Amino acid sequence: MEMKQNLDYYRMMAGVQQEDFKDLESRPHMAEFLAGKRYYSSDSFGLAIDHFEAAVEEYFSADQECRALCEGAYVYDGYNYMEYSADLFQSMTDHYMQILNCKQRCSVELASTAGKDKPFEDFLPSHFNYLQFSYYNSEKYEQAIEWAKTYLLFHPEEEVMNQNLAYYSAVLGEDKAAAISARLVVKQHIQQSLLEKELLYFAYEVFGITFVDPDSWTPADVMPLKLREKQKAERETAARITEEIGNLMKEIETLVEEKNKESTDIAKIVREGGPLLFDDIKITMSSKQLNGSQRVLLDGFISNDECRELTRLSNAAALKGDGYQGRPSPHSPSESFQGVTVLKAIKLGQEGTVPLKSARLFFDMSEKVRGVLESYFRLDSPLYFSYSHLVCRSAIDEKQDDRDNLSHPVHADNCLLVSELNECIKEPPAYTNRDYSAILYLNDDFEGGDFIFTELDAKTVTAEVRPQCGRVVGFGAGNENPHGVRAVTKGQRCAVALWFTLDPKHEEKDRIQAQEMLKMFSSPMDTEFTKTKTESSQPQLTPLDQSALLGQAATPVQEQAGKPDDKPAEKKPKEPAETVSENPSDKPEDKKNEKPIEKHAEKLIAKKGNKAKVKELVKTKAKAADASKNKKATTKTEAKAGDKANAKTADKAKAKPAAKTNVKQAADKTYKKEQKPATKKTEKIPVKKVSKDSNTDLKSSSDSQTDKDEL
Ligand SMILES: O=C(O)CCC(=O)C(=O)O
Ligand SMILES: [Fe+2]
């Protein structure tokens with residue numbers, strides 16, 4: 001196969017001619033035949049005739065040789081000679097049948113050629129077909145008639161050839177035509193072959209010596225009736241069995257599908273409702289009430305004080321981080337965005353910038369959510385942290401007019417949502433290893449900011465959740481749960497966003513480091529150390545830092561919320577941009593999977609085979625996408641939690657030319673495919689570039705990652 005491909009490749013090279021390819025082992029009849037075919041293909045019928053005729057001569061001498069070579073000693077099958085005991089009559093029969101079988105196979109052997117994995121089908125008749133047509137094209141009707149008649153010895157009923165013969169006879173004159181007979185050597189060959197076949201079938205029927213006829217032209221009645229009926233019955237049985245097996249397979253497939261569906265349905269039902277582990281935690285809404293699967297809304301995770309403490313932690317960490325209270329949101333120009341990871345919080349706690357106690361609370365609370373989710377969803381294997389951060393989104397007051405975007409566009413957490421196709425593609429750059437997500441809300445004193453679940457269209461809202469302190473929305477991170485956050489139009493919305501994986505290989509390394517650090521600090525000696533360190537770092541703080549830390553209890557939360565930038569004078573000078581991750585190992589490990597979004601879009605295009613559509617969708621509405629989603633978001637089923645329910649209604653002839661055509665068709669039909677050049681080099685389709693500003697949807701579908709980049 002490989003060599004064949006090489007040959008095809010060489011054939012395409014400049015300056016290489018077909019004549020350059022010489023099969024040094026080619027038998028003369030085959031070499032002539034192939035040469036004839038080449039001339040035939042280039043409409044050089046005269047030359048084709050010469051070669052085809054020579055091929056006929058050569059064929060029959062090769063056939064004689066082949067047959068003569070069959071007349072050797074009896075060939076035992078493997079080691080059968082050890083057991084072979086037959087009387088004279090039986091041995092003669094066995095031997096003779098073997099010779100005849102061998103002679104019959106000469107037609108196959110002579111139809112084979114190097115570089116062609118199968119012998120030419122119906123080789124001799126096809127050969128004569130070429131001849132009759134070549135003669136016709138050379139207006140040599142006698143010979144055309146001779147070869148048409150020769151062909152018909154094999155396939156007497158063949159309609160097109162009979163028409164051709166009739167046409168040639170009409171042109172030449174019926175009497176003259178009638179006097180022309182088929183080529184004698186072929187007639188003799190057929191007769192001999194048929195007699196051999198008859199004997200072979202006889203032996204098959206009487207002695208059970210198997211014979212498989214290699215020729216397709218053998219008249220049906222050569223095979224004894226009984227054998228024919230037996231074979232027919234066998235064929236029918238085989239066909240029936242195949243059909244029955246096919247039906248059975250289909251049935252099995254449907255059964256398996258149904259079973260799978262049932263078990264996943266059951267699994268989903270059974271998988272929910274596990275113990276909540278803590279008395280204070282209450283289930284507010286199950287998947288059913290949230291109109292989806294793998295969803296839960298829980299309340300009572302943390303107290304108001306703890307919510308405030310975590311909010312302060314976020315604000316203090318943000319102050320430390322880059323000197324102003326939040327970078328622009330990666331999702332909306334109308335909001336600012338700030339976040340801190342557990343590890344970063346602990347490090348800040350260690351250096352005394354934020355209370356270590358708060359960092360520990362962050363750690364413990366996220367662990368609490370993890371444990372409850374693992375239990376509630378009755379997971380068979382542990383849930384591991386994949387990434388977690390404490391994140392606040394603040395409305396920029398002066399940028400709220402005519403706002404039409406979401407705070408966080410609709411996306412799924414472990415796949416790329418292509419809402420126009422109603423699909424979510426589980427491929428990097430999405431965080432495909434994430435299995436569950438949870439958001440622990442810390443406050444409700446802001447406007448907008450409701451969490452929404454949608455269908456894959458990213459428009460049809462299936463459930464809404466109003467954030468409030470101690471509330472957790474937990475859900476499967478896959479395509480079953482597209483979700484987003486409505487615009488925060490006033491104030492600051494803080495939450496702990498958590499992503500989990502069932503695969504220990506993808507457990508977040510930062511989390512392990514954070515745990516180690518906390519362990520260290522909790523030993524009595526270290527507590528002392530930490531305290532000292534915390535105290536000693538205090539004086540280095542700016543007044544604002546201090547107020548953020550010292551006035552923890554005193555500062556009313558409301559005052560912080562919604563006033564992110566109200567003390568510009570007290571801002572610290574900007575430090576070199578500090579991100580949550582300080583060294584490469586701190587970065588989320590899956591980051592290496594990141595691909596340029598454009599590339600990914602191209603991949604999607606190729607995959608979907610729907611270039612135009614995907615291209616269209618990635619091209620359009622860079623900003624408008626979110627806007628329209630926000631505006632058009634329609635509530636299919638109202639499932640709003642909390643009392644600010646804001647119900648929304650569901651919006652979603654013998655005439656010469658004819659004979660000529662027939663003749664041409666007859667020949668072409670059989671041979672055209674072999675005449676074609678073996679290969680054509682596959683053209684590389686240039687991959688369409690997707691414009692940069694066309695990423696919106698794809699980007700938004702992986703925006704949890706964008707969050708990280710922004711931090
Ligand atoms: O804050 C929320 O309610 C959801 C945020 C979210 O879906 C995400 O960060 O992936
Ligand atoms: Fe999300």
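Structure: above.
Predicted, not measured: the structure shown is a model, and the values here were computed from it.

Reading the values: rules and limits
- Residues numbered from 1 in each chain as written.
- Chains lettered and ligands numbered in written order.
- Predicted model: local features only at pLDDT ≥ 70, side-chain atom pairs only at ≥ 80, totals over all residues.
- Heavy atoms only, no water.
- Donors = N, O, S within 2.8 Å, 3.2 Å for Na, K, Ca; no water.
- Helix = DSSP H or I, 4+ residues; strand = E, 2+ residues; numbered from the N terminus.
- Buried < 20%, exposed > 50% of the residue type's maximum accessible area, 1.4 Å probe, protein only.
- Disulfide = S-S within 2.5 Å.
- Core = buried A, V, L, I, M, F, W, Y, C linked by side-chain atoms within 4.5 Å.
- Salt bridge = Lys/Arg side-chain N within 4 Å of Asp/Glu carboxyl O.
- Pairing = 2+ DSSP bridges.

Participant: Mind showing me how you'd approach the coordination of the iron ion (ligand 2) here?
Facilitator: Reference values for angles at a metal are 109.5 degrees in the four-donor tetrahedral case and 90 or 180 degrees in the six-donor octahedral case. Ligation of the iron ion (ligand 2) by protein atoms is provided by His411 (NE2), Asp413 (OD) and His483 (NE2), these donors lying 2.0 to 2.3 Å from the ion. Mapped onto the sequence, the residues coordinating the iron ion (ligand 2) show the spacing H-x1-D-x69-H. One end of the pair, His411, is in strand S6 (residues 408-411); the other, His483, is in strand S14 (residues 483-485), and 72 residues separate them in sequence. Look at His411 and you get buried, because its relative accessible area is 3%. A residue is classified by how much of its surface remains accessible, and His483, at 4% relative accessible area, is buried.

Participant: Looking at this model, I keep getting lost on the state of the cysteines. Mind explaining?
Facilitator: One way to say it: the disulfide is the covalent bond shared by the sulfur atoms of two cysteines. Counted by the stated rule, this structure contains five disulfides. Through a disulfide, Cys66 is tied to Cys106; the S-S separation comes to 1.9 Å. Judged by the sign of its S-S torsion, about -90°, the cystine formed by Cys66 and Cys106 is left-handed. Of this pair, Cys66 sits in helix H3 (residues 45-70) while Cys106 sits in helix H5 (residues 106-110), and the two are 40 residues apart along the sequence. Of the residues examined, Cys106 reaches a relative accessible area of 0% and is grouped as buried. Each disulfide in the protein links cysteines that, numbered along the sequence, combine into the pattern 1-4, 2-3, 5-9, 6-10, 7-8.

Participant: Got a minute to help me understand the nonpolar core in this structure?
Facilitator: Looking at soluble globular proteins, one finds that nonpolar side chains tend to be buried together. Core analysis: the largest hydrophobic core is formed by 53 residues, its most contacted members being Phe33, Phe128 and Tyr168. Those elements giving two or more residues to this core turn out to be helix H2 (28-41), H3, helix H4 (88-104), helix H6 (123-137), helix H7 (141-154), helix H8 (159-172) and helix H10 (184-207). In terms of residue count, H3 provides more of this core than any other element does, nine residues in total. Among the nonpolar cores identified, the runner-up in size contains 48 residues, and Leu313, Ala317, Leu440 and Leu442 belong to it.

Participant: Which parts of the structure should I look at to understand the pattern of salt bridges?
Facilitator: One pass over the full model with this rule turns up 21 salt bridges. One salt bridge in this structure joins Glu309 and Lys357, with 3.1 Å as the shortest N-O distance. Here Glu309 is found in helix H12 (residues 304-322), whereas its partner Lys357 is found in helix H14 (residues 356-376), with 48 residues between them in sequence. Under the relative-accessibility criterion, Glu309 is labelled buried at 10%. You can call Lys357 exposed: its relative accessible area is 56%.

Participant: Got a minute to help me understand the pairing of strand S16 (residues 492-501) in this structure?
Facilitator: Both faces of the sheet carry side chains from a regular strand, because those side chains alternate between them. The buried fraction of S16 is high, at ten of ten residues. The alternating pattern of S16 places Gln492, Cys494, Val496, Leu498 and Phe500 and Arg493, Ala495, Ala497, Trp499 and Thr501 on opposite faces, both of which are buried. With ten bridges connecting them, strand S5 (residues 384-395) and S16 associate as antiparallel partners. Bridge pairing in S16 links Cys392 to Cys494. Examined bridge by bridge, strand S9 (residues 436-441) and S16 share six bridges and lie antiparallel to one another. From the neighbouring strand, Ser437 faces S16, where its bridge partner is Trp499.

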